[in-house]
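Residue-level listing of the chains:
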Amino acid sequence: MVALRRERSGPDGKIVFVVNGCETCADKEHSKLSLNEYLLNHTRWKGTKLSCGEGGCGACAVHITRWDPVTERVSETSINSCLCPVGSLDGAALTTIEGLGSSQQGFHPVQEQIAINNGSQCGFCTPGMVMAIDAQLKRCAHAGQAPDVKILQSGLDGNLCRCTGYRSIIDTCRAVTRCSDLEDLGSKAACTKPAAAFPTVLKKRIQERQNGSRPASASYRSKEHNQDWICPHSVEDALELLQKPETAGVRAVAGNTGPGVFKDWPGQDVTCIDLKAIPQLSTIRCSQSELEWGACVTLEEVINSLKAQTDMPKFYGPMVAHLQRIAGTHIRAAATVGGNVVLTQQRGLQSDFCTIMLAVGAEVSIQGKQQRWVSLEEVLLPDSTLDIGSSAIITAVRMPLAKPGETFASFKVAARYTNAHAIVNCSVRMGSADQHPLQGVCLFPDMRIALGYPHEDASAPEGAFWRAQRAVATENALNGMPAGMRALSQALSALTSEMKPAACDGTSAEGHLQVAEGLLFRALSSLVQASMMKSMALDEGQADLKRLQQLLDLPAQHVPIPCSGHQSIPDMSRLAPPVHLPIEKERARLQASGEAKYTGNYGYGTSLHAYPVLSKRALATVESINASAALKVEGAVAFFTAKDIPGANSAGGIPFLADGKVEHYGQPIAFIVATLPSIAEYAASLVDVRYGDAGQPVLTIAQARAASSFLTLPGPPNDSPGAMVSNGNVEAALEEAPLVIRNAKWHLPSQLHMYMETPVAVAEMDEGGMLQVHAAIQSIDRCQSAVSRIMGLPYNRVHVVTRRLGGGFGGKLNSVSRVAGFAAMAAVRLGERVSCAVSRDDDLRMHAGRCAADMEYSVGFTRDGVITGLDVAVYMENGIVMDSGFVDFIAWQGCADQGFHLPNVRFDFKMCRMNLPPHQAVRGPGSFQAAVAMQHIMDHVAAVSGLDPCLVRERNFLRPSPPPFSLGLLAAAASNGQSQSNSHAGNTEPGFATTPADWKMTNAFGRCFLAKEYTQLRCWHGLKKSCSFVERQNKVKEFNKSNIWQKRGIAMTNCRFDGSVMPKTALVTIYEDGSVLLSHGGLEMGQGLSTKVLQVAAYELGKVLPDHQKPLPLSLFQTNDTASDSQANNGVTAGSTGSESTCEAILRACEQLRDRLKPYAEERGSTEDTWRAAVSGLKFSGTGALAAIGFSDSKTCEEGSSKRVPMKYNVFGAACTEVEVDLLTGEKTLLRSDILYDCGNSLNPAVDVGQVEGAFVMGLGVLGTEQVDYDNKTGKLIQDSTWTYKIPSATCVPQQLNVAFLEDSPNPLGVLSSKCVGEPPLMLSASCLSALELTVEAGRQQLAALDPQYSISRPVAPQALDKSPAHEHCHPGLLSAEQPLTIRTKPRRATSSPTRSPKKAGSPRRHSPSKLGKENSPRTQALLEMDSSPHASLFHREPRTTAYEAALQESRAAHAESPKIAGQGTSEGLETLHKPLPAFASLEAPMTTARLKASLGNFSIARILARASGLGYASALDNESSFELL
Ligand SMILES: Cc1cc2nc3c(=O)[nH]c(=O)nc-3n(C[C@H](O)[C@H](O)[C@H](O)COP(=O)(O)OP(=O)(O)OC[C@H]3O[C@@H](n4cnc5c(N)ncnc54)[C@H](O)[C@@H]3O)c2cc1C
Ligand code: FES
Ligand code: FES
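- An unreviewed UniProt entry lists the chain under the name Aldehyde oxidase, with Apatococcus lobatus as the source organism.
- Listed under Sequence similarities (unreviewed entry) in UniProt, the entry text for the chain is "Belongs to the xanthine dehydrogenase family."

**Focus: the UniProt feature "binding site: [2Fe-2S] cluster 1" (unreviewed entry) in the chain**
At step 1: On the UniProt side, "binding site: [2Fe-2S] cluster 1" (unreviewed entry) is annotated at positions that read C52, C57, C60 and C82 here. In three dimensions, the annotated residues from a span of 31 residues occupy one location, with a maximal C-alpha spread of 10.2 Å.
At step 2: Note on placement: C52 falls in the loop between α1 (35–42) and β3 (61–68).
At step 3: Ignoring anything within four residues of it in the chain, the contact list for C52 reads C57, R840 and T1282.
At step 4: Checked against the element boundaries, C60 lands in the loop between α1 and β3.
At step 5: A residue is classified by how much of its surface remains accessible, and C60, at 3% relative accessible area, is buried.

**Some remarks on the pattern of salt bridges**
At step 1: A full pass over the atoms with the stated rule returns 62 salt bridges.
At step 2: Linking D644 and R829 is a salt bridge whose minimum nitrogen-to-oxygen distance equals 3.9 Å. Pair noted here: D644 is in the loop between β24 (636–641) and β25 (650–651) and R829 is in helix α27 (residues 816–830), with a separation of 185 residues, a long-range link.
At step 3: A single network of salt bridges, built from pairs that share partners, joins E54, K263, D841, D842, R845, K1276 and D1280.

**Here's the deal with the site of ligand 1**
At step 1: Near ligand 1, the surroundings consist of 39 residues, among which A252, G255, T257, G258 and T336 are the closest.
At step 2: Within the side chain of N340, a nitrogen or oxygen atom sits 3.0 Å from an oxygen atom of ligand 1.
At step 3: Its free accessible area being 960 Å², ligand 1 has 96% of it covered by the protein chains.
At step 4: Only β8 (250–253), α10 (258–262), α14 (337–347) and β14 (393–400) provide two or more residues apiece to the shell around ligand 1.
At step 5: Here the shell around ligand 1 is composed, by residue class, of 21 nonpolar, 14 polar and four charged.

**A short note on the side chain of T1069**
At step 1: By secondary structure assignment, the location of T1069 is in strand β43 (residues 1065–1070).
At step 2: Given a relative accessible area of 17%, T1069 falls into the buried group.
At step 3: Not counting the four nearest positions on each side in its chain, T1069 is found in contact with S1075, V1076, L1077, L1186 and A1187.

**Here we look at the environment of N796**
At step 1: Among the structural elements, N796 can be located in the loop between α26 (780–791) and β35 (798–802).
At step 2: Exposure remark for N796: the relative accessible area of 60% places this residue in the exposed category.
At step 3: Separated by 11 residues in sequence, N796 and S785 place their C-alpha atoms 9.8 Å apart.

**Remarks on empty space enclosed by the protein**
At step 1: For the structure on display, the rule yields 12 cavities of 30 Å³ or more.
At step 2: The space that makes up the second largest cavity amounts to roughly 360 Å³.
At step 3: In terms of lining residues, the second largest cavity is bounded by 25 residues, among which Y417, K1228, T1229, T1291 and C1292 are the most central.
At step 4: Residue classes in the lining of the second largest cavity are distributed as 14 nonpolar, seven polar and four charged.

**Brief notes about unusual backbone geometry**
Most peptide bonds take the trans form, and the phi angle of most residues other than glycine is negative.
At step 1: Each neighbour pair has its own omega, and for P577 with P578 the value is 5°, a cis peptide bond.
At step 2: The residue P578 is located in the loop between β21 (567–568) and α21 (588–593) in this model.
At step 3: Here the residue pair A1485 and P1486 is connected by a cis peptide bond, since its omega of -5° sits within 30 degrees of zero.
At step 4: Looking at the element boundaries, P1486 is found in the loop between α43 (1443–1456) and α44 (1489–1495).
At step 5: The residue S1136 is not glycine, and still its phi comes out positive at about 60°.
At step 6: We note that L1312 has phi near 45°; this positive angle belongs to a residue other than glycine.
At step 7: Summarising the element assignment, L1312 is placed in the loop between β52 (1296–1301) and α39 (1320–1323).

**Overview of the packing of aromatic side chains**
At step 1: Scanning the entire structure with this criterion turns up 20 aromatic pairs.
At step 2: Where F124 meets Y598, the ring centres are 5.0 Å apart and the plane angle is 90°; that geometry is what we call edge-to-face. Of this pair, F124 sits in the loop between α3 (109–116) and α4 (126–143) while Y598 sits in the loop between α21 and β22 (608–614), and the two are 474 residues apart along the sequence.
At step 3: Classification of F124 by relative accessible area gives buried; the value is 4%.
At step 4: Pairing F1009 with Y1014 gives two aromatic rings, centres 6.5 Å apart and planes at 40°, and the pair type is tilted. Both residues of the pair, F1009 and Y1014, belong to the buried class.
At step 5: Counting every residue linked through ring pairs, the aromatic cluster contains F889, W892, F907, F909 and F1005.
At step 6: Above the ring of Y417, the side-chain terminus of R325 is found at 3.9 Å from the ring centroid.

**Examining the nonpolar core**
At step 1: F521, L870, W892, F907, I937 and W1045 are the most contacted members of the largest nonpolar core, which totals 225 residues.
At step 2: Setting aside chain neighbours within four positions, we find W1045 in contact with F521, L551, L554, V1221, D1222, L1223, L1224, L1343, L1346, F1499 and I1504.
At step 3: Counting residues in hydrophobic clusters, the runner-up holds 87 residues, among them A610, I654, C836 and V838.

**Some thoughts on the pairing of strand β13 (residues 371–375)**
At step 1: Pairing geometry for strand β12 (residues 363–367) and β13, over five bridges, is antiparallel. Bridging across to β13, E363 finds its partner in S375.
At step 2: Adjacent in sequence and paired antiparallel, β12 and β13 are bridged by three residues.

**So, the sheet that holds strand β34 (residues 770–775)**
At step 1: Taken together, the eight strands give an open sheet; going across it, the order is β24-β28-β22-β36-β33-β34-β35-β46, and neighbouring strands pair in mixed fashion. Of all strands in the sheet, those with a lone pairing partner are β24 and β46 (1122–1123), marking the two edges.
At step 2: Relative to β22, helix α23 (residues 677–685) is tilted by about 25°, and along the sheet it contacts β22, β24 and β28 (668–674).
At step 3: Those strands touched by α27 are β22, β24, β28, β33 (760–766), β34 and β36 (834–837), and its axis lies near 30° from that of β33.

**Some thoughts on the side chain of T1133**
At step 1: Relative to the helices and strands, T1133 resides in the loop between β46 and α36 (1138–1164).
At step 2: Under the relative-accessibility criterion, T1133 is labelled buried at 3%.

**A short note on the packing of helix α11 (residues 299–307) against helix α12 (residues 313–323)**
At step 1: In contact at an axis separation of 9 Å, α11 and α12 are set at 160° when each is read in the N-to-C sense. Here α11 is positioned roughly antiparallel relative to α12, judged by the angle of their axes. The way α11 lies across α12 gives a crossing that is left-handed. Together, V302, I303, L306 and K307 of α11 and Y316, M319, V320 and L323 of α12 make up the contact between the two elements.
At step 2: In terms of residue class, the contact of α11 with α12 is made up of seven nonpolar, no polar and one charged.

**Digging into the sheet that holds strand β44 (residues 1076–1080)**
At step 1: Strand order across the open sheet formed by four strands is β45-β44-β43-β47, with mixed pairing between neighbours. The open sheet has two edge strands, β45 (1117–1119) and β47 (1187–1191), and neither has a second partner. Averaged over neighbouring strand pairs, the angle between their axes works out to 20° when direction is ignored.
At step 2: Where β44 and β45 come together, three bridges link them in parallel fashion. Of the residues in β45, the one forming a bridge with L1077 is Q1118.
At step 3: Its contacts with the sheet place helix α35 (residues 1089–1102) against β43, β44 and β45, and it is angled at close to 145° to β45.

Basis of the calculations
- Numbers given to residues run from 1 along each chain, matching the order in which its sequence is written.
- Chain letters and ligand numbers both follow the written order, the letters beginning at A and the numbers at 1.
- It should be noted that, the model being predicted, local features are given only for residues of pLDDT at least 70 and side-chain atom pairs only at 80 or more, the latter also being counted only at that level, while totals for whole chains, interfaces and linings use all residues.
- Working from all heavy atoms in the structure, the side-chain values ignore hydrogens and water.
- UniProt positions are given in the numbering used here, feature names are shortened, and annotations may be inferred rather than shown by experiment.
- Only DSSP runs of H or I reaching four residues or more are called helices, and only runs of E reaching two or more are called strands; each is numbered from the N terminus.
- Between two residues, a contact is recorded if the distance between any of their heavy atoms is within 4.5 Å.
- For every residue, the accessible area (1.4 Å probe, protein chains only) is compared with the maximum for its type, and the residue is labelled buried under 20%, exposed over 50%, or partly exposed between those bounds.
- The salt bridge criterion pairs a side-chain nitrogen of Lys or Arg with a carboxyl oxygen of Asp or Glu, the two atoms within 4 Å.
- Proximity is defined per residue: any heavy atom of the residue falling within 4 Å of a molecule or strand makes that residue near it.
- Counting of polar contacts relies on pairs of N or O atoms within 3.5 Å, with two restrictions inside protein: one atom must be capable of donating a hydrogen and the other of accepting it, and residues adjacent in sequence are counted only when both atoms are side-chain atoms.
- Areas reported as accessible are Shrake-Rupley estimates using a 1.4 Å probe. Residue values count occlusion only from the protein chains shown.
- Lys, Arg, Asp and Glu make up the charged group, whereas Ala, Val, Leu, Ile, Met, Phe, Trp, Tyr, Cys and Pro make up the nonpolar group; the residues left over, Gly among them, are polar.
- A cavity, in this analysis, means grid points on a 1 Å lattice covering only the protein atoms where a 1.4 Å probe fits yet has no way out; a pocket is instead an open set bounded by protein on both sides within 12 Å along at least five of seven lines, and a residue lines either one if it has an atom within 4 Å of a point.
- Grid points are joined across faces, edges and corners, and a volume is the space filled by probe spheres set on the points.
- Two rings from Phe, Tyr or Trp (for Trp, the six-membered ring) form a pair when their centres are within 6.5 Å of each other. A pair whose planes differ by under 30 degrees is stacked, one over 60 is edge-to-face, and the rest are tilted.
- Whether a charge lies above a ring is judged from NZ of Lys or CZ of Arg, which has to be within 6 Å of the ring centre and within 35 degrees of the ring normal.
- By nonpolar core is meant a set of buried Ala, Val, Leu, Ile, Met, Phe, Trp, Tyr and Cys residues that side-chain atoms within 4.5 Å join together.
- Here, a strand pair is defined by DSSP locating no fewer than two bridges between the strands.
- Interaxial angle, 0 to 180 degrees, is taken between N-to-C directions of lines fitted to C-alpha atoms, where a helix line uses only the stretch in contact.
- Any angle from 65 to 115 degrees is called roughly perpendicular, while one under 35 is roughly parallel, one over 145 is roughly antiparallel, and all others are oblique.
- By definition, any crossing whose near helix is turned counterclockwise from its far helix by less than a right angle is left-handed, and any crossing with a clockwise turn is right-handed.

See the structure below:
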């Protein structure tokens, strides 16, 4: 008999555990708090971070150690503290980041290495990263395994970093493996010591429980919060509790990771039955024939038990590999098998475990009134009546062990390799293959096939419910059949018939089918191939089979390898030390040890906590707000609405609290204050808001355009809803251009900030009516003015302080003002310190990111690919008011040309007003869109003109004026890759050899600059040579020829960015002891600003010393918090201006001090204490202060005039990216990226390389994984969590990432000759999209060659309109953007003679008619032949043509010879340009796995195989097709 709610039996009534060696007794009412919240608010260990709160990012990782009294062994692992309830911790020992090392105890080697390797930028993810690496080291130590970089990186699979781009963190792993004292690493933490070191107090407690002197069952109940946590000691006890009629609201809890996915934390009214307390449920049994896991065995333990089955690697290996892709390491350490099965059955979890177990034939033990074993298949049936969770629980899962000869194959396709749920998964168990008695071929053995996918389900909210199901018809089609093409294609056909997929998460039903087909094909192909090899051995003459084998030749599924790369930095050590030196980021070690304080730290423990109530409508009147239920929650303190605002209802231009009307989903309506953050959030969810109709919201750009709903743009003409930049005569240019693409449409994606530190502020009323505010904001000014206006206070009564931000990326320019307003209002009204931190999900709902845009363009160009006219209309997405999203417009306008010569150009911008949250600038706002848009246009021109995209860019690059070189020179340079030096002119790129230093250049919009500033060609050609572009391009083509199912692409892109300076102030104070305090208006958010100012100050004040040789030691300098009292009116830290502007302000202040100190230093002469003596001399001289204020000037005079204009300089760079795409699944692999960036004389190359990599990878995110959609009906953000919004993880970065800075390129306009770096490299990620473009084109051509019914249902880009009179009659016209393109290739008789013949003797060009009746362009033809040959010959048996080689030669010739200038005639190689061209892939970012798959068009592997084997069957073919046998 177990009392449902009884007081805990023990004398103490506490939950006892140890943190970092210190005994901690948590009060019973804290049992359901997350460990994370408990640590931060109730202990002194505040270094652990909270970011997502849903297990998705790893920032909260801690180590947990448990002791088993029976075996006397300790088990240790890392977990997510945000998902671990305190109630589950009794008897556990924890280690937090502080327990590993600190400035006091000495840093742990991993903490040191991550700082040395510059793996910490904002530092918010860093403690989690350190814990993850350390956990892997301990796992290795436990397994007696030597750690290597691969193992250590695999431990990062549950951790995210938004700043670094991961290369430096992976290098940290490398460096750690090289640590000489590896064995000592673990011993630094108390809990890593052997079992003997497990805290005695806990052992005693556990033993008491074991021997009965302490009850095994314990419950902790909170009267205050009505919370309860019960630890039953047996299954019977647990069932009794669950089955009691009065126990509504009772829930079994195991690992409690479920709430990370389904967001139902065992809340305030739920009583938790902790199944993990039942020893029986955590046992693992292995007999001769089966392996059994108790329901509470974790997935990590499952993996370990499978790894222990060393005898059959072909069976267990694939299983383990798949299981290791579940979530991340920390989740797998907590998630249990029982929980996984229940969530799959009841909630439609996209489970990998269940798919694998279904294929293996697992059974589940269910215990209700009786215990029985049921097959997992039965448990997962849609109509299963098993009632698990209330009247019964799962007690175990068992699987049969492998029989001799059995193999297993298992695959998952997901948005990211790690920590992403499956889109489709597939597992196959294969018995031992028998040989066919007659032919020697194998027979498909006993097969069990399981698939997981979103199943159509009309009763599910979105019409889809994930199911793991057996593919019985498919199994039947295979079992006992000869393992050949016929059975395989029949099985694939059966598979697509028996699956009932639904469209889900952006993947169509058809897409799910295709991926499933691809996975099964992958699983079976090797067996079929092996079988065919055997049959070939019997009959050597079957050459066809050999060719068919190629179709089955599937390389293993891509497994990420740790990113590596080199950083090439010019030697600048002598220029101005310690400036330009790669110095470790100041306080990086404190970030790594958790000692560095973030804004949230000021609010933990002692504060009240505010939390906003958010709108659930996009447009509605607010009829009533009822907070009575919310205020009944224990701990809820107060509730505020717009009526309580003492001042203005505006936070920096955005509405503070909705008043009577809401205009977007997620708009704050009110806020609650409570004693703990989780209570405030919970209470806020209970506020009842009633809405009324307010009309139809505008939710799409199309709707905004139709309704003419636009925002007014800043700047002239500011009364119009748009703005335009133009040059030349666009209409005439388009009219006259030989080739025109008209009205092409393209969409540019949005991107959410996903900084690791969510918006947070803490406020407190101080004496004298002074309001103290700590805010994680990128503009102290904005926060001060917003809070002042909300509170109706003068600015001088609001003091805002910021030490550092856990990432900003533009998202904290203004929006945090609103959060600061909540805290300030409550602090003033309640007279207490109040903190407000918004959760990950609500932050994403409240704040929108980068302005997505619809772009329409017409471009005219010559046959040589030279653009003569460009007309672009841009419709940008924005919210209800213009917040910092206006920068998207300004910056795009400023660098729309991207360094290309555009003689006739027009960009017409409009900003749509939509019922969405106001958009915020995201890293590289506008400039990123400008780059991606121009690179896309270049790719389009290249595709249509049939030229190499690299060449098209080269032909369009900006030229000095008057042009000192011909395009021929440029092309010659391109082909030989050589550069001639002309340091006088500042340009060493080819073509500039004779450019005088004072030559001017003018960009497309008339901005004039010195030719020596133009380093674009140096970057381009330097990179082209250093990354061996031309050679690799050829290798890619070779690869594509010999691989059917995998295609590669390689592309180069460039960028131009407008560098500028913003006004910043600095106060440099020297103290009597010679130490120096630097206060400045810049905000440190990971970009290394504080480190650079130290370097600059040490350099400039070092000039005080007579010999000028040595800088002052950095240890003399300290940076101060940024605060509104000392550094007012500093604007924003954004736009890549912060570091340089702040350094300039510091420099100016130091110059003054230098001049004041110098006479005293000279008087003293060169001695050890000259500095101190000079300081002392000045102090007592009475001639000048030991403090000075500096100011960075953001303006400069126009040449020859006194008119002051904003100072701007050009930043250039180039990148090359090579990618590989799996045609079966749409998965992409970034093989290599090379970047050559002009950083001027980088102030700190180590920091700046980190900026380049971080920005580049953030760009890969927006182009590759980060999808942003708003629900068309409700306006709700769909991707509002880490579960759905996927920023790049460590496995998403290029396998090789090389970064180099341009040598000898001082910036005449930059501080100490530097250039900005925070944002421009983001633009270079466009190289990835361009490479994907080529890859998809190659893939489409391949698939079109293989499948006669291949079609592309995605939009294709318009083709060129050729105005050449000779061809007017046959141009294909414009394909509408919506028009699907169907390519049908006609198979030919095997015996037919080649139909392709040279056009004329000696001409290498050949054309084959397509189904459309037109000839293909050289590029199309080349692609067709490249990809269909030799694979097309599988079907056609015709000799390979040489058109591809011809096209290649032509391309080479075009590089080598002086290219023809527009209008100078048509080269022979271009004469077929008017002919129908292949669908330019026109990929729209983000090219997620699902979208990539869709962009590859519709094909059927079953059909392809059937056709290839000559065994076509009617169901696979349409009626018209006359399918011919081989
Ligand atoms: C960030 C993240 C990523 C993830 N990625 C993946 C992935 O890629 N692939 C994948 O397969 N899964 C994934 N998961 C899901 C994860 O595997 C499950 O959350 C986990 O297995 C659930 O186990 P648990 O012990 O934490 O269950 P809990 O959260 O404790 O419980 C979940 C539910 O099951 C019930 N329950 C638990 N145990 C029993 C039992 N023995 N009998 C009856 N009812 C029980 C509980 O009452 C509750 O309703 C992910 C989860 C997270 C948080
Ligand atoms: S905060 Fe716990 S995983 Fe993100
Ligand atoms: S350093 Fe990793 S999130 Fe900022």
